[in-house]
Amino acid sequence: MAMQLLKADDDFADRMVALAGLPWSRRAVEDAFVANGWEIPEDEEEGPDIGWWEIQFLPGREEDVDEWWLELGGPPGCVDDGSPDAVCAHTGCRAGSYVLHPFAYFADPEDPAEWDNEFGPWHSRPDVRGEATAADYDAEYLRVAALLRERLGEPEAAGPWPYEDIDATRHVRWARGDAYVILLDGSDATSYGAYRRAGVAVRPRR
C-alpha cells in the first residue's frame with residue numbers, strides 16, 4: 001500500500017474556494033491560474049496558454065519526481081461569444097467545464113517493483129508514503145472535507161454523483177455563488193483506474 005500526497009493545506013482550500021467565487025469566464029479563471037502559480041505565461045502579452053480538455057502540469061516540478069497536475073474540462077466562456085470575458089448561461093457550454101485539483105493518490109499493488117516498471121518510479125517519489133494504508137487515504141479525504149466545511153459551511157444533502165465526465169465513488173458538494181466546490185474520491189482516469197484519486201473540483205452550476 002502507498003499514497004502520493006500533495007500538501008493540501010489552508011492555502012489549497014482557499015484557492016479552490018476563491019476559484020469558485022469568480023465569474024466563470026476564460027479571462028477570470030486563467031488569470032487565477034497565473035495568480036496561483038499553476039501557469040507561468042511564456043509571453044506576457046499573449047497571456048496564459050492553458051490546455052483545456054487536458055492535463056495541466058504545474059510548473060517548477062520534475063517528471064516522475066515531484067510532478068503534479070490539474071485535470072481540466074472544457075474552457076470557461078461561450079462557444080457563441082469569443083470574448084475572454086464572456087460568462088455563458090448555456091447548459092451545453094457549462095456542462096463539461098471544470099478544474100479538478102488532485103491532492104492524493106492511493107494504490108495497493110501486490111508487487112511494488114513490478115508496478116513501478118509498468119507505471120513509472122512511483123514508490124520512490126519523495127511525496128509517496130510507502131507505509132500508508134487505505135485508512136490513511138480516507139483520513140486525508142476527511143481532513144480536506146473539514147477544511148472546506150470551515151470555509152463553506154455544511155454541504156448539500158448527499159445524493160447520486162451527477163457528472164459523467166469524472167469518476168467518483170463518493171463526493172461532497174457545496175454551492176458557492178454560480179459554481180460548485182466538490183470534494184471527490186474515485187478511479188483515476190489518467191492511469192486507466194490504476195490508482196484511487198482524491199481531489200477538489202470547481203465547476204459552474206448548470
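Residues numbered from 1 in each chain as written. Predicted model: local features only at pLDDT ≥ 70, side-chain atom pairs only at ≥ 80, totals over all residues. Heavy atoms only, no water.

Undergrad: Describe the overall build of the protein, listing the residues and the values that go with them.
TA: Across its full length, the protein carries five helices and eight strands. Ordered by position in the sequence, the α and β elements of the protein form the string β-α-α-β-β-α-β-α-β-α-β-β-β. Radius of gyration (C-alpha) of the protein: 17 Å, near the 17 Å computed for a compact globule of 206 residues. The 206 residues of the protein split such that 48% are buried. A separation threshold of at least 6 residues defines the contact pool for the protein, and within that pool the share at least 24 residues apart is 60%. Here the protein holds 19 positive side-chain charges and 43 negative ones, and the gap between their average locations is 9 Å. (Helix = DSSP H or I, 4+ residues; strand = E, 2+ residues; numbered from the N terminus. Rg over C-alpha atoms; globule rule 2.2 N^0.38 Å. Buried < 20%, exposed > 50% of the residue type's maximum accessible area, 1.4 Å probe, protein only. Contact = heavy atoms within 4.5 Å. Lys, Arg positive; Asp, Glu negative; His and termini not counted. Charge placed at Lys NZ, Arg CZ, Asp CG, Glu CD.)

Undergrad: Go over empty space enclosed by the protein with me, naming the residues and quoting the values.
TA: A probe matching the size of a water molecule, rolled over the atoms, marks out where space remains unfilled. Enumeration according to the criterion identifies one cavity of 30 Å³ or more in this entry. In this model, the largest cavity occupies a volume close to 30 Å³. In terms of lining residues, the largest cavity is bounded by Trp 24, Pro 75, Pro 76, Gly 77, Cys 88, Cys 93, Arg 94 and Ser 97. Each residue belonging to the lining of the largest cavity can be placed in one class, and the counts come to five nonpolar, two polar and one charged. (1 Å grid on protein atoms, 1.4 Å probe; cavity = no way out; pocket = protein on both sides within 12 Å on 5 of 7 lines; lining within 4 Å. Points joined across faces, edges and corners; volume = space filled by probe spheres on them. Nonpolar A, V, L, I, M, F, W, Y, C, P; charged D, E, K, R; others polar.)

Undergrad: Give me the lowdown on the side chain of Glu 67, citing residues and values where you can.
TA: With respect to the helices and strands, Glu 67 occurs in the loop between strand S2 (55–57) and strand S3 (69–72). Notably, Glu 67 is buried but unbridged: the nearest opposite-charge side chain belongs to Arg 125, and the N-O separation is 4.3 Å. Discounting residues that sit within four places of it in the chain, Glu 67 has contacts with Gln 4, Phe 57, Arg 61, Glu 62 and Arg 125. (Salt bridge = Lys/Arg side-chain N within 4 Å of Asp/Glu carboxyl O.)

Undergrad: Account for the packing of helix H1 (residues 10–20) against helix H5 (residues 134–152), naming residues and giving values.
TA: One way to put it is that H1 packs onto H5 with a least axis distance of 10 Å and a crossing angle of 55°. Here H1 is positioned oblique relative to H5, judged by the angle of their axes. Remark: the crossing between H1 and H5 carries right-handed chirality. Of H5, the residues touching H1 (which contributes Asp 10, Ala 13, Asp 14 and Val 17) are Leu 147, Leu 148, Arg 151 and Leu 152. Classifying every residue of the contact of H1 with H5 gives five nonpolar, no polar and three charged. (Axes fitted to C-alpha atoms, helices over the stretch in contact; angles between N-to-C directions. Parallel < 35°, antiparallel > 145°, perpendicular 65-115°, else oblique. Left-handed = near helix turned anticlockwise from the far one by under 90°.)

Function cannot be inferred from these measures alone, as they are strictly geometric.
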